[in-house]
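So you can see what is in the structure, the chains are spelled out below.
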Amino acid sequence: MKLSHCLVIAFIVLVMDLATKYWVESSLNYGQQIPITSFFNLVLTYNAGAAFSFLSDASGWQRWFLSGIALAASIIIIILLRKHPENKLFCLALSLVLGGALGNLWDRITLGHVVDFLDFYIGDYHWPAFNIADSAIFIGAILLIVDGFRTNKNQK
């Protein structure tokens, strides 16, 4: 897969992520919930930490630490995309991760936190809210696992 195609995919994820975050922030007040189904709400919340609000209670240093990790990961992903253009699934997966990482990086640098708004729940148990960037990273990670099994099977 050409690097330019990978970057277009990452850019599409980035634009979708930033557009939906902008829409949610302009439509909802912080903490406001809009029930959509019996298991899903839109809710505006902020996460100063990482996944599952890890480090969100830290004193602020986590903003730059997590930004540095996202920036380093983005550089490594671009290097890997250039190095392995023949593996389409691998490149697609990394493109999704790259777009998601850049979306959350943008939030951290410009806002100091990540905007989350997708709230799935069962009864009173709510999964931590997330966003399009997180979804792309998750899907990319699943595709990397699938690619890893596929690659191992092909090597045998």
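Since the model is a prediction, treat every value here as computed from it, not as a measurement.

> Describe the pattern of salt bridges, listing the residues and the values that go with them.
This model, assessed by the stated rule, comprises 3 salt bridges. A salt bridge links Asp 17 to Lys 21; its shortest N-O distance comes to 2.7 Å. On the criterion of helical spacing, the pair formed by Asp 17 and Lys 21 is a turn pair, its members being 4 residues apart in helix 1 (residues 3-27). One exposure class covers both Asp 17 and Lys 21, and it is buried. We note a salt bridge from Asp 147 to Arg 150, for which the minimum N-O separation is 2.9 Å. You can see Asp 147 and its partner Arg 150 sitting in helix 4 (residues 132-155), 3 residues apart, about one turn around the helix. Classification of Asp 147 by relative accessible area gives buried; the value is 5%. It is possible to trace a salt-bridge network through shared partners that takes in Asp 17, Lys 21 and Asp 107.

Cut-offs and rules
Residues numbered from 1 in each chain as written. Predicted model: local features only at pLDDT ≥ 70, side-chain atom pairs only at ≥ 80, totals over all residues. Heavy atoms only, no water. Salt bridge = Lys/Arg side-chain N within 4 Å of Asp/Glu carboxyl O. Helix = DSSP H or I, 4+ residues; strand = E, 2+ residues; numbered from the N terminus. Buried < 20%, exposed > 50% of the residue type's maximum accessible area, 1.4 Å probe, protein only.

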